[in-house]
Amino acid sequence: MKRNSIIRIVIIASYVIFLAVSWTSGFNPGKEISHNFADFSVEMLKILPGAFILIGLFEVWVKRETVERHLGERAGIRGYIWAVLLAGTTVGGLYVAFPVAYSLHSKGAKLSVIFTYIGASAICRIPMTIFEASFMGIKFTAVRLLVSLPLVIVASILLGAYLTKRNYKIMAGK
Amino acid sequence: MYYYLYIVAGLALAISVISSRDKTLKALKIAARRFVTILPAFLIMLILVSVVLFLVSDEVIANYLGSNNKFFAVLFASFFGSITLMPGFIAFPLSGILLKKGVLYMVLSAFTTTLMMVGVLTYPVEKEYFGVKVTIIRNVISFFIALAVAVMTGIFFGEIF
């Protein structure tokens, strides 16, 4: 067994024991932590099945050439525009963007485009942005988007170039 | 907020089934396999989230973000934003309340932007896909982008000069 999975099993086991002891002995912090766990699990389970079904369909139906043409090495600026638009419609947050980005890359999207996608799905998901503007004001949201988005794209291009030079390969089989 | 995800996924699935049952079955198998593969990492992430959110409560965040020293308030905000994880429908109402209490725009900007971009708690998931090195680089870059956003917010709202 790999070291990584042993660490995981230890963490999960001690967590379960901690919660079980907390509930039997009426330890309130433990109860509160288990509520947090339940709340967030429900939140994620609402999103992840839908996201993974779309990833599965994408893997089966979308041709590699199509991804390469629009998001690959020769896509140019169009690749970044697609990445931002796709990010705008992403739900959830980073944890949904990672598997999607992984899938895009395995079909030929270049590194700078998937990093743009990840960054953009953190900052410009449309429902979240509307929600933000309604609480914080349009000016706040506008400043945030106009400053962060160009920086995300520039940083992604630099990171992509650096990793390509280093011959970076994303892990296979996830 | 998530309904449209399932409308899109449902429609796509329906079109897929009509076009080819075999391919649809294959797609669902891929979906299930990928989901199961990443599930342990998600479980670790959820454990971390549940513990950190207990330690860093809304009151703690409100307390530090309202610090009188602007510089420290921004630093605390970006620290808490980085180490916690909250959905937007919790984070923005909280920020709205803090804004009414007099917390600066740039502090809230540092908080919400790091919250969205920097994922210390999503590290277990991110590293499974992109490796430890890239995960760390991406998060460090994101942290500095968030600080830049906070500074620009401070300038535009007249909170720095």
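Residues numbered from 1 in each chain as written. Chains lettered and ligands numbered in written order. Predicted model: local features only at pLDDT ≥ 70, side-chain atom pairs only at ≥ 80, totals over all residues. Heavy atoms only, no water.

*Asks:* Hey, could you run me through the environment of Phe18(A) in this one?
*Replies:* All names here are of chain A. With respect to the element layout, Phe-18 can be found in helix 1 (residues 3-25). A sequence separation of 81 residues divides Phe-18 from Pro-99, and the C-alpha atoms of the two residues are 31 Å apart. Residues within four places of Phe-18 in sequence aside, it is in contact with Phe-27, Gly-30 and Ile-33. (Helix = DSSP H or I, 4+ residues; strand = E, 2+ residues; numbered from the N terminus. Contact = heavy atoms within 4.5 Å.)

*Asks:* Looking at this structure, I do not really get the packing of helix 2 (residues 21-55) of chain B against helix 7 (residues 123-156) of chain B. What am I missing?
*Replies:* Helix-helix packing is described using two parameters, namely the angle between the two axes and the distance between the axes. Residues and elements named next belong to chain B. The N-to-C vectors of helix 2 and helix 7 enclose an angle of 155°; their axes lie 7 Å apart at closest approach. Here helix 2 lies roughly antiparallel to helix 7, going by the angle between them. Residues Ile-38, Ala-41, Phe-42, Ile-44, Met-45 and Leu-48 of helix 2 form the contact with helix 7, whose participating residues are Pro-124, Val-125, Glu-128 and Tyr-129. Of the residues assigned to the contact of helix 2 with helix 7, the class counts are nine nonpolar, no polar and one charged. (Axes fitted to C-alpha atoms, helices over the stretch in contact; angles between N-to-C directions. Parallel < 35°, antiparallel > 145°, perpendicular 65-115°, else oblique. Nonpolar A, V, L, I, M, F, W, Y, C, P; charged D, E, K, R; others polar.)

*Asks:* Looking at this structure, how should I read the domain arrangement of chain A?
*Replies:* Here chain A is described as being made up of domain 1 (1-47) and domain 2 (62-174). The C-alpha-based centres of domain 1 of chain A and domain 2 of chain A are spaced at 32 Å. (Domains from an automatic or database assignment.)

*Asks:* What am I meant to see in the side chain of Lys107(A) here?
*Replies:* All names here are of chain A. Within the element layout of this structure, Lys-107 appears in the loop between helix 5 (94-106) and helix 6 (111-123). Buried charge without a partner: Lys-107 forms no salt bridge, and the closest opposite charge is Glu-59, 4.8 Å away. The contact partners of Lys-107, leaving out residues within four places of it in the chain, are Phe-58, Glu-59, Val-62, Arg-64, Val-67 and Glu-68. (Buried < 20%, exposed > 50% of the residue type's maximum accessible area, 1.4 Å probe, protein only. Lys, Arg positive; Asp, Glu negative; His and termini not counted. Salt bridge = Lys/Arg side-chain N within 4 Å of Asp/Glu carboxyl O.)

*Asks:* Which parts of the structure should I look at to understand the pattern of salt bridges?
*Replies:* If charged atoms from side chains of opposite charge come close, those side chains can pair. One pass over the full model with this rule turns up seven salt bridges over all chains. Of the charged contacts in the structure, one is a salt bridge between Arg64(A) and Glu68(A), with a shortest N-O distance of 3.1 Å. One end of the pair, Arg64(A), and the other, Glu68(A), are both in helix 3 (residues 64-71), four residues apart, so they sit about a helical turn from each other. Exposure remark for Glu68(A): the relative accessible area of 34% places this residue in the partly exposed category. Taken together, the salt bridges that share partners define one network made up of Arg8(A), Lys127(B) and Glu128(B).

*Asks:* Teacher, can you tell me more about empty space enclosed by the protein here?
*Replies:* Over the atoms a probe the size of a water molecule is rolled, and this reveals where empty space is left. Counted according to the given criterion, the structure contains two cavities of 30 Å³ or more. The calculated volume of the largest cavity comes to roughly 390 Å³. Every residue lining the largest cavity is counted, 27 residues in all, and those nearest its centre are Gly92(A), Arg125(A), Met86(B), Pro87(B) and Gly88(B). Going through the elements one at a time, helix 2 (28-61), helix 5 and helix 7 (126-136) of chain A together with helix 5 (88-100) and helix 6 (105-117) of chain B are the ones with two or more residues in the lining of the largest cavity. By residue class, the composition of the lining of the largest cavity is 19 nonpolar, six polar and two charged. If you count residues domain by domain, the lining of the largest cavity takes at least three from each of domain 1 (1-47) and domain 2 (62-174) of chain A. Volume-wise, the second largest cavity comes out at about 110 Å³. Taken together, Phe115(A), Ile118(A), Gly119(A), Val152(A), Ala155(A), Ser156(A), Leu159(A), Met117(B), Arg138(B), Ile141(B), Ser142(B) and Ile145(B) make up the lining of the second largest cavity. Mapped onto the lining of the second largest cavity, the elements with two or more residues apiece are helix 6 and helix 8 (138-165) of chain A together with helix 7 of chain B. Split into classes, the residues belonging to the lining of the second largest cavity amount to eight nonpolar, three polar and one charged. (1 Å grid on protein atoms, 1.4 Å probe; cavity = no way out; pocket = protein on both sides within 12 Å on 5 of 7 lines; lining within 4 Å. Points joined across faces, edges and corners; volume = space filled by probe spheres on them.)

*Asks:* Any chance you could explain the nonpolar core here in plain terms?
*Replies:* Among the nonpolar cores identified, the biggest contains 93 residues, and Met44(A), Leu65(B), Phe111(B) and Phe130(B) are the most heavily contacted of them. Here the element with the most residues in this core is helix 2 of chain B; it accounts for ten residues. For this core, the two domains that each supply at least three residues are domain 1 (1-47) and domain 2 (62-174) of chain A. With residues near it in sequence (within four places) discarded, Met44(A) still touches Pro49(A), Tyr95(A), Phe42(B), Met45(B), Leu46(B) and Leu85(B). (Core = buried A, V, L, I, M, F, W, Y, C linked by side-chain atoms within 4.5 Å.)

*Asks:* Which parts of the structure should I look at to understand a nonpolar patch on the surface?
*Replies:* On the surface, Val151(B), Met152(B), Ile155(B), Phe156(B), Ile160(B) and Phe161(B) cluster together into a nonpolar patch covering about 590 Å² of accessible area. When its relative accessible area of 34% is taken as the criterion, Ile160(B) is described as partly exposed. (Patch = residues over 30% accessible without salt bridge, like charges linked within 9 Å, V, L, I, M, F, W, Y side chains within 5 Å. Areas by Shrake-Rupley, 256 points an atom, 1.4 Å probe, with all protein chains shown as cover.)

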